[in-house]
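Residue-level listing of the chains:
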Amino acid sequence: MKIQRLLLFSSALIATSSSIRPIVAFHSFPPSTYHRFRIIMAEMQTQACTPGGKCVPCESLNKSHILSTEQIEAELTSMKMWSMKDSNKISRSYTARNFQCAMDSLCAIGKIAERENHHPDMHLTGYRNVEVVLFTHSLDGITANDIALAKMIDAEVEFEYSPKWLKSHEAKKE
């Protein structure tokens, strides 16, 4: 029962602010309960992020969280608009209908990134050519956070593509 309350409490803290350290509130729990909580939280952090869930804070990740090339390629099969860039990044490139549509999509991506506290590199060139590059900067590799953020971007952002670009990429988009 104490573990359930502790997990619920920590989830609420994590959901409301990544700057709050839940460990401060555990002084009233016996050491055995705190120890079991730490094990459960460690197991939760090794699980992949999913759309609708929060990304694992990058500070808690290490090189073991970097996905293998096979894992990345398996994820990208269901994410047609994303591709590998170099060996440690994934990217999505598109041509927006106009400058305003490009900026709207970048702002929408920025809001998601800020909400998840996981920030992509975003490039706007030629006033409407957009590239979004994802990787975990602190590890210089691709983690479950990057895959989760890419899926959130796909699910939540309304892209307005250039008709010419859309026609040439229709098969890839589906």
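Preceding this section is the structure that the text describes.
Residues numbered from 1 in each chain as written. Predicted model: local features only at pLDDT ≥ 70, side-chain atom pairs only at ≥ 80, totals over all residues. Heavy atoms only, no water.

(A) Broad picture of the packing of aromatic side chains. All told, the structure shown has four aromatic pairs when counted by the stated rule. Relative to F159, the ring of Y94 lies with its centre 5.0 Å away and its plane at 75°, an arrangement referred to as edge-to-face. In this pair, Y94 sits in strand β2 (residues 89-95) while F159 sits in the loop between α5 (144-156) and α6 (163-173), placing the two residues 65 residues apart along the sequence. Overall, the relative accessible area of 3% leaves Y94 in the buried class. Seen from their ring centres, Y161 and W165 are 4.7 Å apart, and the 25° between their planes marks the pair as stacked. The pair Y161 / W165 is uniform in exposure class, with both members buried. Every member of this aromatic cluster is reached through a ring pair, and the members are Y94, F159, Y161 and W165. (Phe/Tyr/Trp six-rings, centres within 6.5 Å; stacked < 30°, edge-to-face > 60°. Helix = DSSP H or I, 4+ residues; strand = E, 2+ residues; numbered from the N terminus. Buried < 20%, exposed > 50% of the residue type's maximum accessible area, 1.4 Å probe, protein only.)

(B) Local environment of the side chain of N88. Along the chain, N88 turns up in the loop between β1 (83-85) and β2. Owing to a relative accessible area of 14%, N88 belongs among the buried residues under this scheme. The residues contacting N88, other than those within four sequence positions of it, are F135, D140, G141 and I142. (Contact = heavy atoms within 4.5 Å.)

(C) How the structure looks around the packing of helix α4 (residues 99-116) against α5. Where α4 meets α5, the closest approach of the two axes is 10 Å, and the angle between their N-to-C directions is 140°. Accordingly, the angle class assigned to the pair α4 and α5 is oblique. In this structure, the crossing between α4 and α5 has a hand that is right-handed. Between α4 and α5, the contacting residues are I109, I112, A113, R115 and E116 on the first element and L149, M152, I153 and E156 on the second. (Axes fitted to C-alpha atoms, helices over the stretch in contact; angles between N-to-C directions. Parallel < 35°, antiparallel > 145°, perpendicular 65-115°, else oblique. Left-handed = near helix turned anticlockwise from the far one by under 90°.)

(D) View of the sheet that holds strand β4 (residues 129-134). The antiparallel open sheet is built from four strands, whose spatial order is β1-β2-β4-β3. Each edge of the open sheet is held by one strand with a lone partner, namely β1 and β3 (121-125). Averaged over all neighbouring strand pairs, the angle between strand axes comes to 30°, with direction disregarded. Across five bridges, β3 lies against β4 in antiparallel orientation. Looking at the pairing, L124 lines up with V130 of β4. (Pairing = 2+ DSSP bridges.)

(E) Broad picture of the pairing of β2. Burial runs high along β2: six of the seven residues are buried. Where β1 meets β2, three bridges bridge the pair, whose relative direction is antiparallel. For M84, the partnering residue across the bridge sits in β2 and is I90. Linking β1 to β2, which pair antiparallel, is a turn of three residues; within it D86 sits at a positive phi near 55°.

(F) Expanded view of the nonpolar core. With 28 residues, the main nonpolar core has W82, I90, Y94, I109, I153 and F159 as its most contacted residues. Taken together, the elements giving at least two residues each to this core come down to α3 (69-76), β2, α4, β4 and α5. Considering every element that reaches this core, the biggest residue donor is α5, with six residues. Excluding anything up to four places from it in sequence, I153 contacts W82, I109, I112, V132 and F159. (Core = buried A, V, L, I, M, F, W, Y, C linked by side-chain atoms within 4.5 Å.)

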